[in-house]
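Okay, here's what each chain looks like letter by letter:
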Amino acid sequence: MADRDNKVMVGALMLLAGGIIGAGVALLYAPQSGQKTRKDLSRYAKKARRKGEEALEAVEDFTEQVTDMAEAMGERAAEILDRGKDMAYGAKKNLLKALEDGEARLTKERARLAKMIG
């Protein structure tokens, strides 16, 4: 078990050493100075931050537009529901009136037929 732990530790140290050596070689063969590289990294970070802020603004604007649209749709749906209720009430009144008129005609026709028969 201890032998296995030693192999893992040696492997980790070799990996770390390889990373350090690789970074050193990269710095030796870098086409530009460290100062220029730092400036480039700083510019890139600023540009990335600005784009991130712009993206955040765009998402906030989009969220606001969706919220406004949802509120407008809710108001419109409430208006349509109210109109539907009014129309249903009007149709109910018209149906009741038609039934009453039909009942009155039936009563009138029943009386007329009764006179004819009897």
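This text follows the structure it describes.
Within every chain, residues take consecutive numbers counted from 1 along the sequence as written. Reporting in this predicted model follows two pLDDT cut-offs: at least 70 for local features of residues, and 80 or more for side-chain atom pairs to be given and counted; totals over whole chains, interfaces and linings ignore these cut-offs and use all residues. Excluding hydrogens and water, the side-chain values take into account all heavy atoms of the structure.

S.K.: Help me understand the overall build of the chain, please; the structure alone is not making it clear to me.
M.R.: Put simply, DSSP marks the helices as runs of H or I at least four residues long and the strands as runs of E at least two long, and each gets a number from the N terminus on. Of regular secondary structure, the chain possesses two helices and zero strands. Restricting the calculation to C-alpha atoms gives the radius of gyration, and the globule rule supplies 2.2 Å times the number of residues raised to the power 0.38. Rg of the C-alpha trace for the chain: 43 Å, well past the compact-globule value of 13 Å for 118 residues, more than 25% over. Taking the principal axes of its C-alpha atoms as reference, the chain extends roughly 125 × 50 × 20 Å. Taken across its 118 residues, the chain has 0% of its residues classed as buried. With the model as given, the accessible surface of the chain reaches about 11300 Å², and the carbon-plus-sulfur share is 64%. Positive charges come from Lys and Arg, negative ones from Asp and Glu, while His and the chain ends are left out of the count. Just so you know, the charge point we use is NZ for Lys, CZ for Arg, CG for Asp and CD for Glu. Treating the 22 positive side-chain charges of the chain as one cloud and the 19 negative ones as another, the clouds have centres 4 Å apart. Burial classification: accessible surface area is computed with a 1.4 Å probe over protein chains only, and a residue below 20% of its type maximum counts as buried, one above 50% as exposed, and the rest as partly exposed. Reported accessibility uses the Shrake-Rupley method at a 1.4 Å probe radius. Residues are deemed covered only where the shown protein chains occlude them.

S.K.: Explanation requested: the environment of R50 in the structure shown.
M.R.: Looking at the element boundaries, R50 is found in helix α2 (residues 34-117). Given the relative accessible area of 45%, R50 is considered partly exposed. Considering only alpha carbons, one finds R50 and L15, 35 residues apart in sequence, at a separation of 36 Å.

S.K.: Is there a simple way to explain the pattern of salt bridges in this structure?
M.R.: Opposite charge on two side chains lets them pair, provided their charged atoms get close. The rule for a salt bridge is simple: a side-chain nitrogen of Lys or Arg has to be within 4 Å of a carboxyl oxygen of Asp or Glu. Overall, the coordinates contain four salt bridges when judged by the stated rule. Of the charged contacts, one joins R76 and E79 as a salt bridge, the two residues approaching to 3.3 Å between their closest N and O atoms. Of the two residues, R76 and E79 both sit in helix α2, three residues apart, roughly one turn of that helix. R76 sits in the partly exposed class, given a relative accessible area of 43%. Taking the relative accessible area as the measure of exposure, E79 reaches 45% and is therefore partly exposed. Residues E109 and R112 are paired through a salt bridge, measuring 2.9 Å at the closest nitrogen-oxygen approach. One end of the pair, E109, and the other, R112, are both in helix α2, three residues apart, so they sit about a helical turn from each other. The partly exposed category is assigned to E109, whose relative accessible area is 35%.

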